[in-house]
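Summary of the model geometry
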Amino acid sequence: MLLYQAQLKCDRRESLQSKRERVDALIVELGLSTCADVVIGDNLNRGISGGQAKRTNIGIALVTEPRIIFLDEPTSGLDSQTSCDVVSILRRLADSGRTIMSTIHSPTSEAFRMFDRLLLLHKGHTVYFGALHNKNGDASGGAVPYFAQLGLMYDPSTNLADFLITETGDKGEAANLKGLWQDSSYLADAKKHQEQLLLASIQLHANSAEAVTHLEHNMFSAVGVLLRFRSRANCKYPDFIMPRIMPSIFFGFIVGTLYYGAGGKAENPKNISARGNVAAALFMSTVMPAFTAAGYMPSIVTERPLFYREHSDGCDTTGSYLLFKVIEEGFFHIFASLIFCLMTFFLIQLPGSFWWLWLLNFVTGQVGIALAYFCGSLAPNMDGANTLLPIINVTSMYFAGVLMTYDAIPDAWKWFPWVTFMRYGWTANMLNNFPAECEMPLLAALPGCPTEYWGLKEGSAGLSVENNFGALCGFWALWLGLTFLVMTFVRHVKR
């Protein structure tokens, strides 16, 4: 994780060896040597401890060697000893020349004592800002004498943090601590100190050499880093691979054995039942990739916090992340669709081209995955995504073809086949296996003449495999484009 973040955030011209050395030094500095090669883990997979995870988060912020680090409650959820260990690391980082600014929740006395300065707020208003302790590091200076002059006496046997929180709560509002701070000499000292820092900053910039340029990743180099680290990590987990491969094996076996040998019999236009069975098998091979795309959807939801974080850090763009997902999922889907088509093509003995069958299955699946991405990015959570995707897929399935001929569709719904990708995929599959022209006009009203019976000329790109394939590619681009817009302009995490 640390090397991945270094590759993503640091100067692209810096060598990998230099980044490795920086990460190794960070691991030692943060006390992570004992778990350097342990997986981080998640809610379902056991990994490093809570304290180690906090230190890893700090390490992620440190890989770019920043001068200033902001931390939001780095000790929350940790026991007192682990909290002290984390704050001790922050103390060492501050002593090394970095500025550490952190909110902190219910700190222990020992952890709180390690901070230098305190900004204390009550309902968004400053009631104290300055040194936490005196120069000797005890509580007799800094915040304690300020509150003592206000009549709020601190008992040294208690936790200073608890004292400050208690006295600036409802009591603070009654005592008008905000107004008292505005009139205090401590505020004047704080402003004077601020002015000194600003002057020092201006002088520092004036004396500094020419700024060093930082070469960030472009879209394609960022995709390379994501593929190298995240795809490699994903390949180690069966719960990532199995949902992408197993449905194709299972449904390939079901469809292949259920319609075994129907393709050979369907070459005779008089064998109406065989042609109807082949049409149903091709329908299933079109619909199945769209439904199994649900297995690809959770990643777009579960990776959302990481995407927001990396996007906010300027590590990658929406375009690079989406391109990474298309390449990663497309790689696995190549094999999944090949397995499905090999099983169905030879078991059913389909008369058409195997390569067209596979290409149509692959692209239909990619459209289904792009649609799943759209649902996953639009919905605020997994429950919403799992509701939206089946609604779209099931509705589209009714108009794809085999369940109802085009002529039988009510006039008010005749527009719908034109806007569902399943219709184009099924039409292309039918034209790949049956002639475009009816061999026996007397059978036009029966499945023995598929193009006439199901009305393939309507609600599709015409009687051409290539044209319907092109329409599928258009739907793929459409759903990916909509996903890009949603991920760019809709943000479900408001913090």
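Residues numbered from 1 in each chain as written. Predicted model: local features only at pLDDT ≥ 70, side-chain atom pairs only at ≥ 80, totals over all residues. Heavy atoms only, no water.

1. What about helix α2 (residues 16-29)?
Quick reminder of the rule: Numbered from the N terminus, helices here are DSSP runs of H or I no shorter than four residues, and strands are runs of E no shorter than two. To estimate how far a helix should reach, multiply one less than its number of residues by 1.5 Å. Exposure classes here rest on a 1.4 Å probe applied to the protein chains alone. A residue is buried below 20% of its type maximum, exposed above 50%, and partly exposed in between. The directions considered for the arc run from the helix axis to the C-beta atoms. Here, residues are in contact when the closest pair of their heavy atoms is within 4.5 Å.
Taking 1.5 Å per residue, 14 residues should reach 20 Å; α2 reaches 20 Å between its end C-alpha atoms and fits that length. Of the residues making up α2, those classed as buried are Lys 19, Arg 22, Val 23, Leu 26 and Ile 27. Buried residues of α2 fall within an arc of 140° about the axis and therefore sit on the same side. Along its buried surface, α2 packs onto α1 (2-9) and α3 (50-62).

2. Re the nonpolar core
Soluble, globular proteins show a tendency: their nonpolar side chains are buried together. Convention followed: Nonpolar cores are built from buried Ala, Val, Leu, Ile, Met, Phe, Trp, Tyr and Cys residues. Side-chain atoms within 4.5 Å join them into one set. An automatic or database domain assignment supplies the start and end points of every domain.
With 98 residues, the main nonpolar core has Ile 58, Phe 421, Trp 426 and Met 430 as its most contacted residues. Sort the elements by how many residues they give to this core and helix α18 (residues 354-378) lands first, with 14 residues. Shared between two domains, this core takes at least three residues from each, and those domains are domain 1 (1-65) and domain 3 (219-489). Counting residues in hydrophobic clusters, the runner-up holds 24 residues, among them Tyr 128, Leu 132, Leu 152 and Tyr 154.

3. Let's talk about the pattern of salt bridges
Going by this rule: By convention in these notes, a salt bridge is any Lys or Arg side-chain nitrogen within 4 Å of a carboxyl oxygen on Asp or Glu.
Evaluated as defined, the whole model comprises 14 salt bridges. When the shortest N-O distance is used, the salt bridge between Glu 14 and Arg 22 registers 2.8 Å. Note on Glu 14: relative accessible area 17%, which makes it buried. With relative accessibility at 18%, the residue Arg 22 sits in the buried group. Across the pair Arg 230 and Glu 303 runs a salt bridge, and its minimum N-O distance is 3.1 Å. Of this pair, Arg 230 sits in helix α11 (residues 219-234) while Glu 303 sits in the loop between α15 (297-302) and α16 (304-312), and the two are 73 residues apart along the sequence. Both residues of the pair, Arg 230 and Glu 303, count as buried.

4. Topic: a positive patch on the surface
The line we're drawing: Patch rule: a residue counts if its relative accessible area is over 30% and it has no salt bridge; like charges are joined within 9 Å, and nonpolar side chains (Val, Leu, Ile, Met, Phe, Trp, Tyr) within 5 Å. Accessibility throughout is a Shrake-Rupley quantity obtained with a 1.4 Å probe, and a residue counts as covered only by protein chains that appear here. Charged residues are defined here as Lys and Arg on the positive side and Asp and Glu on the negative side; His and the ends of the chain fall outside this count. The atoms used to mark charge sites are NZ of Lys, CZ of Arg, CG of Asp and CD of Glu.
Together, Arg 20, Arg 228, Arg 232 and Lys 236 make up a region of like positive charge exposed at the surface. Relative to the helices and strands, Lys 236 is located in the loop between α11 and α12 (238-258).

5. Details of the UniProt feature "transmembrane region" (unreviewed entry) in the chain
Rules: UniProt positions are given in the numbering used here, feature names are shortened, and annotations may be inferred rather than shown by experiment.
Following the UniProt record, one finds the feature "transmembrane region" (unreviewed entry) at residues 240-260, 280-301, 330-348, 354-376, 388-409 and 469-490. Along residues 240-260 the backbone is 90% helical and 0% strand, and the end-to-end C-alpha distance reaches 31 Å. Helix makes up 50% of residues 388-409 and strand 0%, whereas the separation of the span's terminal C-alpha atoms amounts to 24 Å.

6. Thoughts on the pairing of strand β1 (residues 68-72)
Which entries qualify depends on this criterion: At least two DSSP bridges between two strands are required for those strands to pair.
Residues Ile 69 and Leu 71 point to one face of β1 and are all buried, whereas Ile 68, Phe 70 and Asp 72, pointing to the other face, are not buried. Relative to strand β2 (residues 99-103), β1 is paired through five bridges, and the arrangement is parallel. Directly across from Asp 72, in β2, lies its bridge partner Thr 103.

7. Considering the environment of Ala 61
You can see Ala 61 is positioned in helix α3. Sequence separation between Ala 61 and Phe 489 is 428 residues; the distance between their C-alpha atoms is 26 Å. Excluding residues within four positions of it along the chain, Ala 61 makes contact with Pro 66 and Ile 69.

8. Regarding the packing of α1 against α3
The following threshold applies: With axes taken as lines fitted to C-alpha atoms, and helix axes fitted only over the stretch in contact, angles between N-to-C directions fall between 0 and 180 degrees. These descriptions rest on fixed angle ranges, namely under 35 degrees for roughly parallel, over 145 for roughly antiparallel, 65 to 115 for roughly perpendicular, and the rest for oblique. When the near helix sits turned anticlockwise from the far one by under a right angle, the crossing is termed left-handed; a clockwise turn instead gives a right-handed crossing. When residues are grouped by polarity, Ala, Val, Leu, Ile, Met, Phe, Trp, Tyr, Cys and Pro land in nonpolar, Asp, Glu, Lys and Arg in charged, and all others, Gly among them, in polar.
The N-to-C vectors of α1 and α3 enclose an angle of 20°; their axes lie 9 Å apart at closest approach. Relative to α3, α1 is oriented roughly parallel. In this structure, the crossing between α1 and α3 has a hand that is right-handed. On α3, the residues that touch Leu 2, Gln 5 and Lys 9 of α1 are Thr 56, Gly 59 and Ile 60. Within the contact of α1 with α3, the residues separate by chemical class into two nonpolar, three polar and one charged.

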